[in-house]
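Chain by chain, the residues:
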Amino acid sequence: MNTQTRPTLNTTTTLSRPNPVRLLDQVIERTASGGFDPEAFHVLNERDNALIADEVMNGSGSSKFVYQFAISGTNVTGISVVGARHLATEYGGLRHRMVASTRKIGALFTFTSYPADGSPMRVSCSVIPELASEDDFYSSLVEVEDIKLGNTVQMEASETKLEKKRDGSTYERPHFQKIAQAKAYRNAILALIPQDVQLAWKDKMLSLGKNEVVTKSVIAEKRSGVMQFAAAKGVAVDRHALEALTMDQIAGLAEAARTKDLPQFVNAAAALGLVQTEQPEPQPEPTKPAPRKAATKAQRDEPPQREEPPPYDPETGEVERPAARAAAPQSAPQPVDDGELF
């Protein structure tokens, strides 16, 4: 009896089961040298907002799955919202659902619980006058389950209704509810999928050109923060010299500004040739003349005094000045000549 051996299908892809030793070393090496960068986070966050808004209006059309920038000699990468969705599809076996949401408009809070197994949808409202002056927002709580490994994670993301412009004015953000939902989903995906799997996928996207280099945007964000801190503290910074700084230099200067330590910031800026260490001494303010007192009625009724003319010398025909008379030397008396005596 001939037994026919059926070929074994390898359903484990290299993405879901990468080389754990090599990739784990890369994870440790790359994350240990990095850290949280507020300016880079702000740039990536704004990129995600634009991607989500564009997807809502025009459909998913972005091919930039990974953000990339270089700082302190290290290449840092981050996964976009669109990239997280693509990563979840390629990883497979993930189940996602909305758990709850909270919306605040003035003093009114609306709480929504979405349907689950054996639990219907519920909506409740509360009025909290003490929080009426706080910013209006929308918060989304999502849950992602890995049915292959049995892991589950819940993540929340909040977005404010209003956004501030550089001039201080505000405007209402379009689709801020969708942005909160998409970011909560992205955060849950990245929290659930193993880091070594994410690293392998990011390397693959970089090799395929599915990345967007945002180094210039990060530098611009750091430069803006430095200029705002310098202007607030009254420090004159040479803008042309600031434009010429490298990424490492502007990162160190931005860190000095973030600490709010003015002497440290001035020393760092002076070392980079942005400000002068010796500031000009302030000039004293000119003193105002004392106000003249108003003349009394008796002084106003008194006739003006006439100045007497200086004495006149009839022999010389000149007007004798008092100052000249006082300065003129006194001549010795001359003897009277009575003639010769015999």
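Quick summary incoming for the structure in this document. (Residues numbered from 1 in each chain as written. Predicted model: local features only at pLDDT ≥ 70, side-chain atom pairs only at ≥ 80, totals over all residues. Heavy atoms only, no water.)

This part takes up the overall build of the protein chain. Of the regular secondary structure elements, the protein chain holds 11 helices and 12 strands. Counting across all 342 residues of the protein chain, residues that qualify as buried make up 28%. Counting only contacts in the protein chain whose residues sit at least 6 apart along the sequence, the fraction spanning at least 24 positions is 62%. Total accessible area on the protein chain stands at roughly 23800 Å², and carbon and sulfur atoms take up 53% of it. (Helix = DSSP H or I, 4+ residues; strand = E, 2+ residues; numbered from the N terminus. Buried < 20%, exposed > 50% of the residue type's maximum accessible area, 1.4 Å probe, protein only. Contact = heavy atoms within 4.5 Å. Areas by Shrake-Rupley, 256 points an atom, 1.4 Å probe, with all protein chains shown as cover.)

So, about unusual backbone geometry. A positive phi angle, close to 60°, is found at His175, a residue other than glycine. Counting through the fold element by element, His175 comes out in the loop between β9 (170-172) and α4 (176-192). Accessibility expressed as a relative area gives 26% for His175, which makes it partly exposed.

Turning to the packing of aromatic side chains, a few remarks are in order. Within the structure shown, the criterion is met by four aromatic pairs. Ring geometry for Phe109 and Phe111: centres 6.3 Å apart, planes at 15°, overall stacked. Joined through ring pairs, the aromatic side chains of Phe109, Phe111 and Phe137 make up one cluster. In this structure, Lys148 is placed above the aromatic ring of Tyr91, and the distance from its NZ or CZ to the ring centre is 3.8 Å. (Phe/Tyr/Trp six-rings, centres within 6.5 Å; stacked < 30°, edge-to-face > 60°. Lys NZ or Arg CZ within 6 Å of the ring centre and 35° of its normal.)

On to the nonpolar core, then. Membership of the largest hydrophobic core comes to 51 residues, with the highest contact counts inside it found for Leu253, Phe265 and Leu274. Of all the elements, α4 adds the most residues to this core, at seven residues. Beyond its immediate chain neighbours, meaning those up to four positions away, Leu274 contacts Ala236, Val237, Asp238, Ala241, Leu242, Leu245, Leu253 and Ala269. (Core = buried A, V, L, I, M, F, W, Y, C linked by side-chain atoms within 4.5 Å.)

At 3.6 residues per turn, the α-helix brings residues three or four places apart onto the same side. Across its 14 residues, helix α5 (residues 195-208) extends 20 Å between first and last C-alpha, which sits within 8% of the 20 Å expected from 1.5 Å per residue. Listed in full, the buried residues belonging to α5 are Asp196, Val197, Gln198, Leu199, Trp201, Lys202 and Met205. A positive backbone phi angle near 80° is found at Gly209, which sits one or two residues after α5. (Expected span 1.5 Å × (residues − 1).)

Attention now moves to the sheet that holds strand β6 (residues 137-146). Within the open sheet, the five strands sit side by side as β5-β4-β3-β6-β7. Their pairing is antiparallel. The open sheet has two edge strands with one neighbour each: β5 (122-127) and β7 (151-160). In this sheet, adjacent strand axes meet at a mean angle of 15° when their direction is disregarded. In terms of strand pairing, strand β3 (residues 94-105) meets β6 through 10 bridges, oriented antiparallel. Counted as the bridge partner of Leu94 is Asp146 from β6. (Pairing = 2+ DSSP bridges. Axes fitted to C-alpha atoms, helices over the stretch in contact; angles between N-to-C directions.)

What follows is about the pattern of salt bridges. Considering all chains together, one arrives at seven salt bridges under this definition. The partner of Arg97 in a salt bridge is Glu143, with the nearest N and O atoms 3.2 Å apart. With Arg97 in strand β3 and Glu143 in strand β6, this pair connects stretches of sequence that are 46 residues apart. By relative accessible area, which is 29% here, Arg97 ends up partly exposed. (Salt bridge = Lys/Arg side-chain N within 4 Å of Asp/Glu carboxyl O.)

The next point concerns the pairing of β3. Judged from the six bridges that link them, β3 and strand β4 (residues 108-113) form a sheet pairing that is antiparallel. Within β4, the position partnered with Thr102 by the bridge is Phe111. Counted between consecutive antiparallel strands, the loop separating β3 from β4 contains two residues, among which Gly106 sits at a positive phi close to 65°.

Here we come to the environment of Thr110. Mapped onto the elements of the fold, Thr110 is located in strand β4. Residue classification places Thr110 among the partly exposed positions, given a relative accessible area of 23%. Taking the C-alpha atoms as reference, Thr110 lies 4.5 Å from Cys125; in sequence the two are 15 residues apart. Other than its neighbours up to four places away in sequence, Thr110 contacts Ser101, Thr102, Arg103, Val123, Ser124 and Cys125.

What follows concerns the packing of helix α3 (residues 81-91) against α4. Interhelical geometry of α3 versus α4 gives an angle of 50° and a closest axis separation of 9 Å. One element, α3, and the other, α4, form an angle in the oblique class. Crossing hand, α3 versus α4: left-handed. From α3, Val81, Ala84, Arg85, Leu87 and Ala88 reach across to α4, where they touch Ala182, Tyr185, Arg186, Ile189 and Leu190. Partitioning the contact of α3 with α4 into residue classes produces eight nonpolar, no polar and two charged. (Parallel < 35°, antiparallel > 145°, perpendicular 65-115°, else oblique. Left-handed = near helix turned anticlockwise from the far one by under 90°. Nonpolar A, V, L, I, M, F, W, Y, C, P; charged D, E, K, R; others polar.)

What follows concerns the pairing of β6. The buried fraction of β6 is high, at seven of 10 residues. Note: β6 against β7, 10 bridges, orientation antiparallel. Counted as the bridge partner of Leu141 is Glu156 from β7. Between β6 and β7, which follow one another and run antiparallel, lie four residues, and Gly150 among them has a positive phi close to 80°.

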